[in-house]
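Observations on the three-dimensional arrangement
Each chain is listed here by its residues.
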Amino acid sequence: MSDKKHSYHVNVVWTGNDGTGTSSYRSYRRDHEIRAEGKPTIPGSSDPSFRGDPTRWNPEDLLVASLSACHKLWYLGLCAQAGVIVLSYEDAAEGTMLEESGGAGQFTSVVLRPRIVIDATSDARTALELHHKAHEMCFIARSVNFPVTNEPQISTSA
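Residues numbered from 1 in each chain as written. Predicted model: local features only at pLDDT ≥ 70, side-chain atom pairs only at ≥ 80, totals over all residues. Heavy atoms only, no water.

**Structural notes on the pattern of salt bridges**
Enumeration over the complete set of coordinates arrives at 9 salt bridges. Ionic pairing is found between Asp31 and Arg56, a salt bridge with its closest N-O pair at 3.6 Å. Of the two residues, Asp31 is situated in the loop between strand E1 (11-14) and strand E2 (32-35) and Arg56 in the loop between strand E3 (42-44) and helix H1 (59-82); the sequence distance between them amounts to 25 residues. When sorted by exposure, Asp31 lands in the same class as Arg56, which is buried. Salt-bridge contacts for Arg113 lead to Glu94; the nearest nitrogen and oxygen are separated by 3.1 Å. Highlighted residues: Arg113 in the loop between strand E6 (105-112) and strand E7 (114-118) and Glu94 in strand E5 (residues 94-99), separated in sequence by 19 residues. (Salt bridge = Lys/Arg side-chain N within 4 Å of Asp/Glu carboxyl O. Helix = DSSP H or I, 4+ residues; strand = E, 2+ residues; numbered from the N terminus. Buried < 20%, exposed > 50% of the residue type's maximum accessible area, 1.4 Å probe, protein only.)

**Section: the domain arrangement of the chain**
Once the domains are mapped, the chain shows domain 1 (9-48) and domain 2 (57-154). Centre-to-centre separation of domain 1 and domain 2, based on C-alpha positions: 28 Å. In this assembly, 8 residues from domain 1 lie in contact with 5 residues from domain 2. Both faces combined, the contact of domain 1 with domain 2 buries some 400 Å², and carbon together with sulfur accounts for 59% of it. Our count for the domain 1 to domain 2 interface comes out at 2 residue pairs in polar contact (both at pLDDT 80 or more). Here the side of domain 1 that touches domain 2 takes 3 residues from E3, the largest share from any one element. (Domains from an automatic or database assignment. Contact = heavy atoms within 4.5 Å. Buried area = accessible area lost by both parts, 1.4 Å probe. Polar contact = N/O pair within 3.5 Å; in protein donor to acceptor, adjacent residues only side chain to side chain.)

**Thoughts on H1**
For H1, built from 24 residues, the straight-helix expectation of 34 Å at 1.5 Å per residue is met to within 8% by its first-to-last C-alpha distance of 34 Å. Burial in H1 covers these residues: Val64, Leu67, Ser68, Cys70, His71, Tyr75, Leu78 and Cys79. For H1, the N-terminal cap is Asn58; the gap from its side-chain oxygen to the backbone nitrogen of Glu60 is 2.9 Å. Once H1 ends, the next one or two residues include Gly83, with phi positive near 80°. (Expected span 1.5 Å × (residues − 1).)

As structure tokens, then:
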């Protein structure tokens, strides 16, 4: 099988000009919209620590969400292939970012905490082991330069 190249196109449009642009640090909102053809618009801003709107998604939220969603998608596909029937999946993911004194910063870790319910006929050991494979396959986790760990909890339906 040969390698495939995929491209992703989004537009980020700043919507926070209150009339004077960036004439000062406090003169503008950090609001923006993330747009892609045929998809709902995502309202974005910066983290509230950086004068952002707490009701909008910030880039840090979206990075953690991307890691969680990528893992989930791989995990569900691997379970389907292995005959593990997943009935529910919920992840309480958490990212940690370190801001340096000069203002720069970086993520230092993300922990995924998926809680999965599988059918009673499915093998719980296999269900747990597939998290390792999902992590190895996740495009986003393979692309970041900080550790992404998993703390899954598997339970079976009654």
